[in-house]
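Spelled out, the chains give:
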Amino acid sequence: MRIDAHQHFWTTTRKDYGWLTPDLGEIYRDFLPGDLAPLLDVAGFTGTVLVQAAPTVAETEFLLSLADHNPFIKGVVGWVDFENLDVAETLHRLNAHPKFVGVRPMIQDIEDPDWMLKDALAPAFEAIISEGLVFDALTMPHHLKNLHRLLVKYSEMKCVIDHASKPHIKDRAIDEWAFDMKAIARDTNAYCKFSGMVTEAGPNWSVDDLRPYAQQLLNTFGPSRLIWGSDWPVCNLALNYQKWVDTSDALLAELSQSERTNIYGQNAIQVYGFLANENDVGTAAK
């Protein structure tokens, strides 16, 4: 079973996507399951993890409603207010939905780089652990040292780092990012998404520009802890869906079939905990 472990849906009429503005061109429109389904079919993917794109519980509930009616959506990573006193109750309520698998605060948009270490967030992280959910970390390279501290503190929390923490590929900056990612891979049980790199590579990118970063991920997290995702439709800012599949295939060409199977689906099934049968519409017991 091939899983796209990172994709989005949105409608511009919702008005809770503060980042989604007309200057983003071709992605400033509605993207819904009917737009993605044929791309999945061509690329041979039978399931996805649908990820939040707005900092509202209302958007999470919208995504769960889409999951109710589209069997290829195997899991939803939503959003909750980590600073709300009712965060544990909200997580418990959302977790009653069989396809709710995790949460993602939009750390990249939070001004305070130390936000994730605030003592006031402890109830949220403790609830994520007790509910058996996944923490998707939407971070940038300058967040990685704090992310390391957080994951060491909450060592029982399942974590997936989104988009390889968005390395500055267009600037050819790799050393500090590589050092910090290696430390997280060594000292924690975090997984990392093999996604989102092309949009960090600049307009004239090539596969060779991505290769050192991909190789670093393979050297540190390894095929057993990397998870493939498209970041569709955001990826359309740099390339189309199939071209990212082809680019990923080129970057992972030297791996064995079993290693590619892990990256393209099995690791996502394991960490997010949903059923592997492509005909299943629910998720496994958390």
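Read on for an overview of the structure. (Residues numbered from 1 in each chain as written. Predicted model: local features only at pLDDT ≥ 70, side-chain atom pairs only at ≥ 80, totals over all residues. Heavy atoms only, no water.)

**So, the pairing of strand 5 (residues 134-137)**
The alternating pattern of strand 5 places Val 134 and Asp 136 on one face and Phe 135 and Ala 137 on the opposite face, and all of these are buried. For strand 4 (residues 100-103) and strand 5, the ladder comprises two bridges, and the chain directions are parallel. Across the sheet, residue Val 103 finds its bridge partner in strand 5, namely Phe 135. Considered for its hand, the β-α-β crossover made up of strand 4, helix 4 (residues 122-130) and strand 5 is right-handed. As paired strands, strand 5 and strand 6 (residues 158-161) are joined by four bridges and run parallel to one another. Considered in strand 6, the bridge of Ala 137 is made with Ile 161. (Buried < 20%, exposed > 50% of the residue type's maximum accessible area, 1.4 Å probe, protein only. Helix = DSSP H or I, 4+ residues; strand = E, 2+ residues; numbered from the N terminus. Pairing = 2+ DSSP bridges. Right-handed = clockwise from strand over helix to strand, strands pointing away.)

**A look at empty space enclosed by the protein**
A probe as big as a water molecule, rolled over the atoms, marks out the empty space that is left. Enumeration according to the criterion identifies one cavity of 30 Å³ or more in this entry. Of the voids in this model, the largest cavity is the one considered here, and its volume is about 50 Å³. Contributing to the lining of the largest cavity are Gly 196, Met 197, Val 198, Thr 199, Ser 230, Asp 231, Cys 235, Leu 239 and Trp 244. (1 Å grid on protein atoms, 1.4 Å probe; cavity = no way out; pocket = protein on both sides within 12 Å on 5 of 7 lines; lining within 4 Å. Points joined across faces, edges and corners; volume = space filled by probe spheres on them.)

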